[in-house]
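So you can see what is in the structure, the chains are spelled out below.
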Amino acid sequence: GATAAAKALAPTACTTIEEIGSTGIGGLILGFLALTATTILMIAKAANTDPERRKYYFCNTFICGIATFAYFAMLSGQGWTAISGCRQFFYAHYVDWLLTTPLIILNLGLIAGQDFVTIAAVCGADGKSGLAVVCCTLLYTVGRDGQECCWFEGGCVARRNRALICGRAETG
């Protein structure tokens, strides 16, 4: 339970840390470059569009910009820590997800033409299930000895609940 998760996250005395390899670094570089280019494109689009459409580009700019900073942190050797088993764990992804998920919901709500109250309700409801998704994914990542399966299934249930929440907001 919680004790096993706390032990999995507890720092251990590592003589060497299992870090990502060249393929992982390549993926981080590609992600960083793509997100940087997209952020710059969204800034340019926001500056050169009519005021009514500008709000969409602003949301996209913040979403991509936050993800760009997360990737930069991981590439520059920040945004990670060593976990049990002396493995490299990138917590910057989880911070990114917690910050950008409400912005993605806001953007989708604006595109769908939903009123502010509906968008706020979905963001609030998603806050709970979104946090559950991130926590289950986090614990799946650090889990050991068969715990991974339980956390994976918990994450699937939380994702299903998120989809139901969004579907109810759309139809209700």
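Residues numbered from 1 in each chain as written. Predicted model: local features only at pLDDT ≥ 70, side-chain atom pairs only at ≥ 80, totals over all residues. Heavy atoms only, no water.

1. A word on the packing of aromatic side chains
So, step 1. For the structure on display, the rule yields three aromatic pairs.
So, step 2. Ring centres of Y94 and W97 lie 5.0 Å apart, and the angle between their planes is 75 degrees; this geometry places the pair in the edge-to-face category. Pair noted here: Y94 and W97 are both in helix α4 (residues 92-112), with a separation of three residues, about one helical turn.
So, step 3. Here Y94 falls in the buried class, since its relative accessible area comes to 11%.
So, step 4. According to the relative accessible area criterion, W97 is partly exposed, its value standing at 34%.
So, step 5. Three or more aromatic residues link up through ring pairs in this structure, and these residues are F89, Y94 and W97. (Phe/Tyr/Trp six-rings, centres within 6.5 Å; stacked < 30°, edge-to-face > 60°. Helix = DSSP H or I, 4+ residues; strand = E, 2+ residues; numbered from the N terminus. Buried < 20%, exposed > 50% of the residue type's maximum accessible area, 1.4 Å probe, protein only.)

2. Section: the nonpolar core
So, step 1. L28, L35, C64, A67, A70, Y71, M74, F90 and A92 form the largest nonpolar core, which has nine residues in total.
So, step 2. Mapped onto this core, the elements with two or more residues apiece are α2 (22-47) and α3 (51-75).
So, step 3. Filtering out sequence-adjacent residues up to four positions away, Y71 remains in contact with G27, L28, G31, F32, L35 and H93. (Core = buried A, V, L, I, M, F, W, Y, C linked by side-chain atoms within 4.5 Å. Contact = heavy atoms within 4.5 Å.)

3. Notes on α4
So, step 1. Counted at 1.5 Å a residue, the expected span for α4 with its 21 residues is 30 Å, and the 30 Å between its end C-alpha atoms agrees.
So, step 2. Of all the bends in α4, the greatest, near 30 degrees, is centred on T100, and the proline P102 appears no more than four residues after it.
So, step 3. Inspection of α4 places A92, Y94, D96, T100, T101, L103, I105, N107 and G109 among the buried residues, and these make up the whole buried set.
So, step 4. Backbone geometry just downstream of α4 places G113 in the positive-phi region, at approximately 75 degrees. (Expected span 1.5 Å × (residues − 1). Bend = angle between axes of the 7 residues up to and from the residue.)

4. Structural notes on the packing of α3 against α4
A pair of packed helices is characterised by two quantities: the angle between their axes and the separation of those axes.
So, step 1. Running from N to C, α3 and α4 point in directions that differ by 170 degrees, and their axes come no closer than 9 Å. As summarised for this structure, α3 and α4 are arranged roughly antiparallel, according to the angle between their axes. Between α3, through K55, Y56, C59, N60, F62, I63, I66, A67, A70, Y71 and M74, and α4, the contact on the second element is made entirely by A92, H93, D96, L99, T100, L103, I104, L106, N107, L110 and I111.
So, step 2. Here the contact of α3 with α4 is composed, by residue class, of 16 nonpolar, four polar and two charged. (Axes fitted to C-alpha atoms, helices over the stretch in contact; angles between N-to-C directions. Parallel < 35°, antiparallel > 145°, perpendicular 65-115°, else oblique. Nonpolar A, V, L, I, M, F, W, Y, C, P; charged D, E, K, R; others polar.)

5. What about the packing of α2 against α3?
So, step 1. The contact between α2 and α3 brings their axes to 8 Å, and the two run at 155 degrees. Between α2 and α3, the crossing angle belongs to the class labelled roughly antiparallel. Crossing hand, α2 versus α3: left-handed.
So, step 2. Of the residues contributing to the contact of α2 with α3, the split by class is 17 nonpolar, nine polar and two charged. (Left-handed = near helix turned anticlockwise from the far one by under 90°.)

6. Structural notes on the side chain of T101
So, step 1. By secondary structure assignment, the location of T101 is in helix α4.
So, step 2. Assessed through its relative accessible area of 16%, T101 is described here as buried.
So, step 3. Among the polar contacts made by the side chain of T101, one reaches the main-chain carbonyl oxygen of W97 at a distance of 2.7 Å. (Polar contact = N/O pair within 3.5 Å; in protein donor to acceptor, adjacent residues only side chain to side chain.)

7. Focus: a nonpolar patch on the surface
So, step 1. Taken together, the side chains of I20, I25, I29 and L33 make up a nonpolar region of the molecular surface, amounting to roughly 300 Å² of accessible area.
So, step 2. Following the sequence through the fold, I25 ends up in helix α2.
So, step 3. Judged by relative accessible area, which is 34%, I25 ranks as partly exposed. (Patch = residues over 30% accessible without salt bridge, like charges linked within 9 Å, V, L, I, M, F, W, Y side chains within 5 Å. Areas by Shrake-Rupley, 256 points an atom, 1.4 Å probe, with all protein chains shown as cover. Salt bridge = Lys/Arg side-chain N within 4 Å of Asp/Glu carboxyl O.)

8. Section: α3
So, step 1. A rise of 1.5 Å per residue sets the reference length of α3, with its 25 residues, at 36 Å; its end C-alpha atoms lie 36 Å apart and thus fit the reference within 8%.
So, step 2. Among all positions of α3, only Y57, C59, T61, I63, C64, G65, A67, T68, A70, Y71, A73 and M74 are buried.
So, step 3. Tucked inside the fold, the buried residues of α3 contact α2, β2 (87-90) and α4.

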